[in-house]
Every structure is written in C-alpha cells, then in structure tokens.
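Results of the structural survey
Here's the letter readout for the chains.
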Amino acid sequence: MLERLGAWAARRPQPRLWISIAGAGCLMAVSGLLAIAGDAQVEDSGEAGSTTPGIIIFLLVVLAGYLLMQFLRETPAATAGSTAVVLGMPLLAWFLTFDESAAEPFSLEAILGLPALVWIVSYFVGPGRGRPLLLATGLIFGWLFALQVVEDPTNAGSLSPPLLEDDAFGAPFDEGYDDYGYDDEFNDYEGEFDQYGYDEPSWTTLGAVSLVFGAGYLVATRLLDRRGHAGTATSFVVAGHIALPVGLAYLADTLEVAGTGVAFAIAGALIAWLGAVGGRRLTTIVGALEMIFGLYLVVGDAMNESTPTNIGVALFVLGGVIVGVAHLLHLVTGETPQTTPGPSRFAGRPSPGSGGPWGPGADGRYTAGAPTFGGPGPGGPYAPAGPGAPGPGAGGPYSAGGPGAPGSGAGTGSAYPPAGPGTPGPGGAATGGPGPGAGTGGAYPPAGPGAPGSGGTAAGGTTGGPHGPGRAGPPPPPPPPPPGGSAF
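Let me sum up the structure you'll find in this document. For every chain, the first residue of the written sequence is number 1, and numbering continues from 1 onward in sequence order. Residues qualify for local features only when their pLDDT is at least 70, as the model is predicted, and side-chain atom pairs are given and counted only at 80 or more; totals for whole chains, interfaces and linings, by contrast, use all residues. Values shown for side chains rest on all heavy atoms present in the structure; no hydrogens or waters enter the calculation.

Notes on the overall build of the protein
Of regular secondary structure, the protein possesses 14 helices and zero strands. The helix and strand labels rest on DSSP assignments: H or I over at least four residues marks a helix, E over at least two residues marks a strand, and numbering proceeds from the N terminus. When the helices and strands of the protein are listed from N to C terminus, the series reads α-α-α-α-α-α-α-α-α-α-α-α-α-α. The buried share among the 488 residues of the protein stands at 32%. Here a residue-residue contact requires only that any non-hydrogen atoms of the pair lie within 4.5 Å. Within the protein, counting contacts between residues at least 6 apart in sequence, those at least 24 apart form 60% of the total. Using a 1.4 Å probe, the Shrake-Rupley method yields the accessible areas, and only the shown protein chains count as cover for residues. If you sum the accessible surface of the protein, you get close to 28,000 Å²; carbon and sulfur atoms cover 65% of it. Only protein chains enter the accessibility calculation, which uses a 1.4 Å probe. A residue is then buried if its area is under 20% of the maximum for its type, exposed if over 50%, and partly exposed in between.

Focus on a negative patch on the surface
Here, patches come from residues exposed beyond 30% relative accessible area and free of salt bridges, joined within 9 Å for like charges and within 5 Å for nonpolar side chains (Val, Leu, Ile, Met, Phe, Trp, Tyr). The salt bridge definition used is simple: a Lys or Arg side-chain nitrogen within 4 Å of an Asp or Glu carboxyl oxygen. Two residue types count as positive, namely Lys and Arg, and two as negative, namely Asp and Glu; His and chain ends fall outside the count. The atoms used to mark charge sites are NZ of Lys, CZ of Arg, CG of Asp and CD of Glu. Together, Glu43, Glu47, Asp99 and Glu100 make up a negatively charged patch on the protein surface. Its location among the elements puts glutamate 47 in the loop between α2 (17-41) and α3 (52-71).

Side note on the pattern of salt bridges
Applying the stated criterion to the full structure yields one salt bridge. A salt bridge links arginine 280 to aspartate 225; the nearest nitrogen and oxygen atoms lie 2.9 Å apart. Remark: aspartate 225 occurs in helix α10 (residues 203-226) and arginine 280 occurs in the loop between α12 (252-277) and α13 (281-302); sequence separation between them is 55 residues. Like arginine 280, the residue aspartate 225 is buried in the burial classification.

Some details on the packing of α3 against helix α4 (residues 76-97)
When two helices pack together, their arrangement is given by the angle between their axes and by how far apart the axes lie. At a closest axis distance of 7 Å, the pairing of α3 and α4 adopts a crossing angle of 155 degrees. Here α3 lies roughly antiparallel to α4, going by the angle between them. By crossing handedness, the relation of α3 to α4 is classed as left-handed. Facing α3, whose interface residues are Gly54, Ile55, Phe58, Leu59, Val61, Val62, Gly65, Tyr66, Leu68 and Met69, α4 presents Ala77, Ala78, Gly81, Ser82, Ala84, Val85, Gly88, Met89, Leu91, Leu92, Phe95 and Leu96. Angular values range over 0 to 180 degrees, each being the angle between N-to-C directions of two axes fitted as lines to C-alpha atoms, with helices fitted over their stretch in contact. For classification purposes, an angle smaller than 35 degrees is called roughly parallel, one larger than 145 roughly antiparallel, one from 65 to 115 roughly perpendicular, and anything else oblique. The crossing is said to be left-handed when, going from far helix to near helix, the turn is anticlockwise and less than a right angle, and right-handed when the turn is clockwise.

Quick notes on the packing of aromatic side chains
A pair of aromatic rings is counted whenever rings of Phe, Tyr or Trp (Trp by its six-membered ring) have centres within 6.5 Å, and the orientation is called stacked for planes under 30 degrees apart, edge-to-face for over 60 and tilted otherwise. Tallying each qualifying case throughout the model produces ten aromatic pairs. Judged by centre distance (5.1 Å) and plane angle (90 degrees), the rings of tyrosine 123 and phenylalanine 124 are edge-to-face. Taken together, a centroid distance of 5.9 Å and an interplanar angle of 70 degrees make the contact between phenylalanine 213 and tyrosine 217 edge-to-face. Residue phenylalanine 213 and its partner tyrosine 217 are located together in helix α10, separated by four residues, close to a single helical turn. Pairwise contacts between aromatic rings join Phe58, Trp94, Phe95, Phe98 and Phe106 into one cluster.

Considering a nonpolar patch on the surface
On the surface, Val313, Phe316, Val317, Val321, Val325 and Leu329 cluster together into a nonpolar patch covering about 570 Å² of accessible area. Looking at the element boundaries, valine 317 is found in helix α14 (residues 308-333). By relative accessible area, which is 46% here, valine 317 ends up partly exposed.

Overview of the packing of helix α5 (residues 108-124) against helix α6 (residues 132-150)
Two elements in contact, α5 and α6, have axes separated by 8 Å at closest approach and are oriented at 145 degrees. The crossing of α5 and α6 is left-handed. Every residue of α6 that contacts α5 at Leu108, Glu109, Ile111, Leu112, Gly113, Pro115, Ala116, Trp119, Ile120, Ser122 and Tyr123 is listed here: Pro132, Leu134, Leu135, Thr137, Gly138, Leu139, Phe141, Gly142, Leu144, Phe145, Gln148 and Val149.

A look at α4
With 22 residues, α4 extends 32 Å from end C-alpha to end C-alpha; this agrees with the ideal 32 Å at 1.5 Å per step. Most pronounced at glycine 88, the bend in α4 amounts to some 30 degrees, and the proline proline 90 follows within four residues. Expected span, for any helix, means 1.5 Å times one less than how many residues it has. The term bend refers to the angle at a residue between two fitted axes, each drawn through seven residues, those ending there and those starting there.

Dropping the structure here:
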C-alpha cells in the first residue's frame, strides 16, 4: 500500500519557503473563520444559539482543503489545503456535538476520534494521500482518543502529570508552602472536587497507555526507515516524540523521581540511537536531551538536601564524564564522521595500518587502498612498446622491418604490423622472396610483396599467417602512431 504513495512515502518532505508561509497563512484564515462562527452562534441575549453557521463554515473549510490538495497537489496552495483539513475537522466535530443543555456540552471522544479516523484514511486514499501532516496529526489524536476512552482524564479537571507537580530540586520550597498553609487550602479544593464526583484518573494507566503508543510509534519509525519509507516514518516519529515523554511523566507517580529519571535516560539514549541509524538529526538531538534530562532528575533527587554549589560540582563532573565516554565510544565503535553523508554506521575499530578516520595507514594515506597520483606508474597492458634499436633488418614489435642489407641478405619483418618491402640489392632478393635471402612474413596479417632486386624476382611470401597461405598483399599500411599513444 505504501508503494502506491510514491515519493511521499519514500522521502521525507523538504523545507520550502512558500509552502511554509502558505500553511501559516491558512492558520490565520481559519482562526478568522472561527471568530466569525463563534460570533454567529451567540445570540443577542448572550446565550448560545444555533451551531448551524459553524457547521456550515467548517464543513466548507474541509471541502475546500480537499479540493486544493486534489487539483494543486505540488503547490503551496495544496499545503494550505492540508492545513485547512487538519484545523477544520476538530472544529467541525465540536460544532456538531455542542449542546449547552447537556452535562458535557460537547463530546471530547468525537472531537478526538472522528478527525483521527478521517486524517489516517485520507493519508492512504483520496486527495490527501501521502500528506505527512494528516498522518502525524491522526496518530497524535488516536493516542489522545485512547487516553480519553480508557481513563477520561479531563473529568478530573487537570491533565498535568505528577512529574510537573514534583520539584526534584525544591524540597526546601515545598516546606515553605506548609508553613503558610497553602497545602491545606489546596486540600480543601480537592475535597470539593470529590464532592462533585470528580475522581482523579489513574496516572499509572495513563502513563502505561502513552508509553505503549509512544514506543510503538518509534519502533514503527525504525521498521519503516529500514524498508525505505522514510516519508511515512517521519509522521510516526513526530507522534512518538510527544506520546513517549508524556507517558514517562505520567508514570512518575509510580516510579518516583529517581526512577523516572532513569527511565528518561534509557529512553533518551535509545531515541538518540534510533535517530542516528535512521539519519534523523532532530530525533538524535531530542533523544540526547531527554537522556540528559533524566540524569538531571537522578542527580536532583539524590542531592535534594545539598547546596547549589555541591549540585553544580556534581553536574560538572557528570557532564565531563559523559563527554569522555562519548568520545571513547566513538573511537571503539568507529561511527562514521559528521561530514560523511547518510546515517551513522558502526563498523568497529579498524586494524592497525588501515585508513579511515583513525589516521594515516601504513602507506601514509588516509584512505586504505586509494591510488597514488602524481608519480610515474607502469605502463598499461595496451601501451605500445617503444621503437626498436636501429639495425640491419630488425624492427620493433610494432614497427615495419628495416631495409635488407646489400647482397644476399634481406630484412626481417616484424610480428605486427606486416613487414615493408626490402630495398633492392645487387644479386639479392627482396623481402618476401621465395629463394635464398627471402624475408620472413609477419604472423598477422599476411606478408606483402617483395620489391624486385637485381638478379631476383619479386614474389609474395610462401609462409602465410595463421589465417591461410601467404599471397600478394595490399600496399603497406601507414606508419604506426608515435610512441606513447594507446592503440586501444
């Protein structure tokens, strides 16, 4: 199914100037329509009136968004269309379910669940197929819908996780609140909430559900990256970056501060690794920051009663140790350097003498096996040999034979190309003649005719090359190229 999305699923969207500005402009336009719809709903008496204007306005917003994505797919207007669908669907669900007379004036399940379903389906089929914004918001709203169905956290009047209410470094300040009686005052308000039936949700359940969604989204990111669907994986990693930290924060009531810090440190290290092997810069940075945040929590809980100077010294030492360990692991694992394109690869420490980021190899170069340039190298296998030394009838391997010596001697032809004719001599035969003093024809091609000499007859060589008997050949070919050129 993802293959049908083409480049939208295979590649991550690149930042573009006018596309970003168009999306921001759509946000402003939809906010203006929300003000118009809200004003149309309020009657002159100040009471809430009909929701029909809001329903019509945001239904048109959603339809307009789909039309822009259908007919202007690769333009800034299409991005504005996807933004309109993302902003318009929750508002449309709100106006559809609003009822002032009901105990709950609107359905939060519908506001979260209906848009999530529409966005996820639209990512795979229809005008919005492949749009990462639709899938990312659909995954986030799907996680929030699960929280609402399982625990209904909004019924307690607060969504703040316990971690935000605890201060790892602030025990002395907490005691100050007791001195001024603030705790008793807040306890009175909690009693009033219990009187009206507002039960505090189970933070452990919320944390567990969020942890499952967040970890699942990040695992799906890794699997999609390995299968070449980096564009689809981007939507999952965005949703995972939100759900996982929130889940750990909700679990703080169970894990306590130190345990939550350890969980953040482990999760952050895994997320940083996930970003490195997937070539995702922001994911790598966010994971490293989450790991450091977890260590902050551990130090703060362990040194709760210490002075700021002692805490500062501990953080300084711990930070220095982290830097040293990171450098050592870089050397041991052989991670690719920053300037090398692509995701991180961990090849391990190379053997001594090999090239790479460790320094020069045994041959003094930084890249093992790289060729050496600048010096004279051996000739290639097809380079012609140099000319032979002058002599009576002895040519080089690529040169024609020299003239025959006067008398009965004759020149000897080279092996390739054919020998040239010998010069006439008194009483001798030309190169290639059949009688005494005849030259030897080349192996390939056949020998050419000999020139007539005094007292002899010119005739073709009787010994041909490997392709048949010798015969009178064509005129001699032009001279070979000068030494140094390649015949091939």
